[in-house]
Amino acid sequence: MIVWVNGAFGSGKSTLVDELRPRWSEALVYDPEMVGYVLREIVEVPTGDFQDLRLWRRQVADLAVGLVEEYRRSVLVPMTLVSPGYVGEIFDALKEAGITVHHFFLKVSREVLEKRIDGRSFTPDDPEQDERVRRWCKDRIEPCMAAAGTLPSDTVFLDGELSPQELADQVLNRVGVGPGR
């Protein structure tokens, strides 16, 4: 099983997965951003967004399938993914491999997202780069919020302004994992 935690930048995806991790100890955590960082070292990303690379999408799906098949464990995936075509491409590949996908989307107000993004430090040693990353994240708030209506019909929308503990309870209940597993 794959539990994909989706939402805008600053919605709490990683925080939720960090809360789930000790409560679901056998689950693996897979962050597809790492695939993007590796690809950036190898090839040019003309748009600046590695999700636009077909190879990124293919590798994200292939690695997720490999983790489930090889280790026979559930996988938690904290990743913003809102382009309908890209969602379809990746989720279809997972489903074709026979993997159950539970897709959660954290809904958070623009004001809270901006506050959370402003409160983060991405590159502490480079304030200019830090500000560029913040701007990039904020520029994607609107498309992420607008995409909520285009996500697969089985997407479960969660109130991303709830506490991480409350959100983790909801996710674990929804996927049928009891406490402490």
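Our structure is the block above this text.
A brief report on the enclosed structure follows. Keep in mind that this is a model prediction, so the values were computed, not measured.

1. Observations regarding helix α1 (residues 13-23)
All of the buried residues along α1 are Lys-13, Leu-16, Val-17, Glu-19 and Leu-20. One side of α1 carries all its buried residues, which in axial view fall inside an arc of 160°. For α1, the secondary structure elements touched by its buried residues are β1 (2-7), β2 (28-29), β3 (75-78), β4 (101-107) and α8 (164-175).

2. Focus: the pattern of salt bridges
A side chain of one charge can pair with a side chain of the opposite charge when the charged atoms of the two come close. Counted according to the given criterion, the structure contains 9 salt bridges. With a shortest N-O distance of 3.8 Å, Asp-154 and Lys-95 are connected by a salt bridge. On the criterion of sequence distance, the pair formed by Asp-154 in the loop between α7 (141-147) and β5 (156-159) and Lys-95 in helix α4 (residues 84-96) is long-range, its members being 59 residues apart. In this structure Asp-154 comes out as partly exposed when scored by relative accessible area, which is 41%. Of the charged contacts in the structure, one is a salt bridge between Arg-110 and Glu-114, with a shortest N-O distance of 3.3 Å. Linking Arg-110 with Glu-114, this pair stays in helix α5 (residues 110-118), spanning 4 residues, or about one helical turn. In this structure Arg-110 comes out as partly exposed when scored by relative accessible area, which is 26%. Given the relative accessible area of 29%, Glu-114 is considered partly exposed. Taken together, the shared-partner salt bridges connect Glu-19, Arg-23 and Asp-169 into one network.

3. Some details on the packing of helix α2 (residues 33-42) against helix α3 (residues 54-71)
At a minimum axis separation of 10 Å, α2 and α3 run at an interaxial angle of 135°. As the angle between them shows, α2 and α3 are arranged oblique. As for how α2 packs across α3, the hand of that crossing is right-handed. Of the residues in α3, those touching α2 at Val-35, Gly-36 and Leu-39 are Leu-55, Trp-56, Gln-59, Val-60 and Leu-63.

4. What about the environment of Trp-4?
For Trp-4, the position within the fold is in strand β1. For Trp-4, the contacting residues outside a window of four places in its chain are Pro-32, Val-60, Val-77, Met-79, Leu-81, Ile-90, Phe-91, Leu-94, His-102, His-103 and Phe-104.

Criteria and cut-off values
Residue numbers here run from 1 along each chain, matching the order of that chain's written sequence. Totals for whole chains, interfaces and linings use every residue, but because this is a predicted model, local features are given only for residues with pLDDT of at least 70 and side-chain atom pairs only at 80 or more, for both listing and counting. In computing side-chain values, all of the structure's heavy atoms are included and hydrogens and water are not. Each residue is placed in one exposure class: buried if its accessible area under a 1.4 Å probe, protein chains only, is under 20% of its type's maximum, exposed if it is over 50%, and partly exposed if it falls in between. Counting from the N terminus, the helices are DSSP H or I runs at least four residues long and the strands are E runs at least two residues long. Taken from the helix axis, the directions to the C-beta atoms give the arc we talk about. The contact criterion used throughout is that any non-hydrogen atoms of two residues lie within 4.5 Å. One speaks of a salt bridge when a side-chain nitrogen belonging to Lys or Arg is within 4 Å of a carboxyl oxygen belonging to Asp or Glu. Fitted lines through C-alpha atoms give the axes, limited to the stretch in contact for helices. The angle between two N-to-C directions lies from 0 to 180 degrees. Here the word oblique covers every angle except those under 35 degrees (roughly parallel), over 145 (roughly antiparallel) and from 65 to 115 (roughly perpendicular). Each crossing gets its handedness from the near helix: less than a right angle anticlockwise from the far helix is left-handed, clockwise is right-handed.

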